[in-house]
Each structure stands twice: as C-alpha cells, then as structure tokens.
Amino acid sequence: MFLFQSISGADWLMWIAIIAALMLLNEAARANKWVGLALFVVVPILLTIFVWPTTAGAGSSTGTWFHWVKVYSALAGCLGFMALRFIKKLSTNKWALLFPPIILSVNIMEAVIRDFQVYGMHGMVDGVFMNGGAWNIMNGIAGIINIITITGWFGIIISRDKQKDMIWADQIWPWIIAYDLWNFAYVYNCVGDHSFYAGAALLLSCTFAAFFIKKGSWLQARAQTLAFWMMFTMSVPAFVTNSQFSVQSTHSNAALFTVSLIAL
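Computed from a predicted structure; not experimentally measured.

Basis of the calculations
- Residues numbered from 1 in each chain as written.
- Predicted model: local features only at pLDDT ≥ 70, side-chain atom pairs only at ≥ 80, totals over all residues.
- Heavy atoms only, no water.
- Pairing = 2+ DSSP bridges.
- Helix = DSSP H or I, 4+ residues; strand = E, 2+ residues; numbered from the N terminus.
- Polar contact = N/O pair within 3.5 Å; in protein donor to acceptor, adjacent residues only side chain to side chain.
- Axes fitted to C-alpha atoms, helices over the stretch in contact; angles between N-to-C directions.
- Parallel < 35°, antiparallel > 145°, perpendicular 65-115°, else oblique.
- Left-handed = near helix turned anticlockwise from the far one by under 90°.
- Contact = heavy atoms within 4.5 Å.
- Nonpolar A, V, L, I, M, F, W, Y, C, P; charged D, E, K, R; others polar.
- Phe/Tyr/Trp six-rings, centres within 6.5 Å; stacked < 30°, edge-to-face > 60°.
- Buried < 20%, exposed > 50% of the residue type's maximum accessible area, 1.4 Å probe, protein only.

(A) Inspection of the pairing of strand β1 (residues 122–125) at higher detail. In terms of strand pairing, β1 meets strand β2 (residues 128–131) through four bridges, oriented antiparallel. Bridge pairing in β2 links Met 124 to Phe 129. In sequence, β1 turns back onto β2 through a hairpin of two residues, with Asp 126 there showing a positive phi of about 55°.

Here it is as structure tokens:
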C-alpha cells in the first residue's frame, strides 16, 4: 500500500473499535461533570504515579518530551473547557472564553515545533522510526496557516442544555477538514507507525462527534478524545508499535511528501 505496509481485516476492525471507544468515552465525559472529573483528574493522577514512569520512560516510543507535554496539555484543555462549561462566572466572561482558541493555537504550535525538529532526524529515535525531510517543513508551515486561520475568537458560547457543551460556531467544516488533513500529515511525518490509529482513527472520532452528534462542539470533542488516546498510548505503547494490531508506515518519501502537500 502507499501509506502503510499492510492492513489486515483484524486491523480494520480494531480501527473501527478505537473510533467507537473514543466516541463513547467522549459522550460519557460530556454527559456528567463528575464523570468528566474522574476521567480527567483521578485517572491521570493514578497513571502518572503508577504507570507512566514505567511505560513512557526514556527509550520507549512515548518517552519523548512531546508525548508528555501533549498528554498534559490535552488534559489541561479538557479541564479548562469543563471550568468554562460548569462555572457560571467563567461561562459568561468573554476573556475567559478566549482560553479555547489560545490552547488550540498552543497545541498546534507544539506539533509545528516537533515537525521542524524531526526534519533533521533519521532512523530510530526514542523508539520511533524517523524519516525527516522537506515534508516536515511543509507541514510545519501548514500548521502555522491553521493557527492564522482560526476565527471567531469571541464567538464561543456554552449551550443551555444538560450537557452545557462548549459551542464554537465559527469552526465550520472546511476548517475542521483542513485541520484533520494537517494533523494526519503531522502524525504520519513524526510518528508514522502510530498514524493509522493516532492519526486517522483519532481524528475521525472527534470529527464524527461534531458533525453528527453535537454541531459546534468539535474542539471540546477533539480535546477529550485526544486526552483519552494519549493516556491509552502512554500506558500501552506496544499497541501501536509491535502488537498484533500494529500497522506500520511505509516510511516512503513519496508518501510523506504527498500527505504534507495535501495538508499544505
């Protein structure tokens, strides 16, 4: 195959199961604030103390600074969004409602920095095969364009229903699709052997949630599904690297260039 070495029927079933699991966890987190606090506070504390020092230590495929920063920034986003949703003074404060676009911009910039960093990497680095090249620079530029094109910074509201979802009406589908293409290219460039799940499945889980379950809630769903995925992959890094369901990238220059060109 062009992007991946081989994908079995079992891999496709697991891919669908990952999307379904992430969407179900997202629904659980948005349905009840106490469930959300348990998932985004209690569970990460337990994993930080008892699991991640072993599974995401130096030399593992999730032992890089980026993975540690990413999991905590995703969790910070989830908790910040919950504060906006359930603390009345914040939900009506226009300056507090700038937090979502700010953390989204920071999240994208983290990936841009990593793309530029991977440009000079080749071979196995921290347990992940890297094939750096011009495509990393191309996709880093695409990420910066994503930040520049974020609109509606003062247009975020909290819904009045039971879920109190964070609604960002200006995040229309063309921007979401552009983000998905850029982010898939980033994951394919920088952790290619993770991209079948951490790229395609993860991105579709929040896009489906925003398109078919609650329109306007894409960023909330993105933060929550990303946090769930990061907690899982840091706890079980072998799932995407050498389990029976792992799907390896071709690491082809042509494939890397193509996905980054499409994103740009």
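Next comes the rest of the account.
(B) Highlighting unusual backbone geometry. Phi at Lys 164 takes a positive value of approximately 50°, unusual for a residue other than glycine. Residue position: Lys 164 is located in the loop between β3 (156–158) and β4 (166–168).

(C) View of the side chain of Asn 26. Relative to the elements of secondary structure, Asn 26 occurs in helix α1 (residues 9–31). Engagement of the side chain of Asn 26 in a polar contact is seen with the side chain of Gln 224, the distance being 2.6 Å.

(D) Broad picture of the packing of helix α8 (residues 173–190) against helix α12 (residues 253–263). Two elements in contact, α8 and α12, have axes whose closest approach is 8 Å; the angle formed by their N-to-C orientations is 155°. Relative to α12, the element α8 is oriented roughly antiparallel. Our pair here, α8 against α12, has a crossing hand that is left-handed. Touching Leu 181, Trp 182, Phe 184, Ala 185, Tyr 188 and Asn 189 of α8 are Ala 255, Leu 256, Val 259, Ser 260, Ile 262 and Ala 263, all from α12. The residue inventory of the contact of α8 with α12, partitioned by class, reads ten nonpolar, two polar and no charged.

(E) Spotlight on the packing of aromatic side chains. Tallying each qualifying case throughout the model produces 24 aromatic pairs. Aromatic pair Trp 12 and Trp 15: ring centres 5.4 Å apart, planes at 85°, arrangement edge-to-face. Taken together, the residues span about one helical turn, with Trp 12 and Trp 15 both in helix α1 at a distance of three residues. Look at Trp 12 and you get partly exposed, because its relative accessible area is 38%. Relative to Tyr 186, the ring of Trp 182 has its centre 6.4 Å away and its plane inclined at 25°; by these criteria the two rings are stacked. In this pair, Trp 182 and Tyr 186 are both assigned in helix α8, four residues apart and thus about one turn of the helix distant. The exposure class of Trp 182 is buried, given its relative accessible area of 1%. Ring pairs connect the aromatic residues Phe 4, Trp 12, Trp 15, Phe 184, Tyr 188, Phe 196, Tyr 197, Trp 229, Phe 232, Phe 239 and Phe 245, which therefore count as one cluster.

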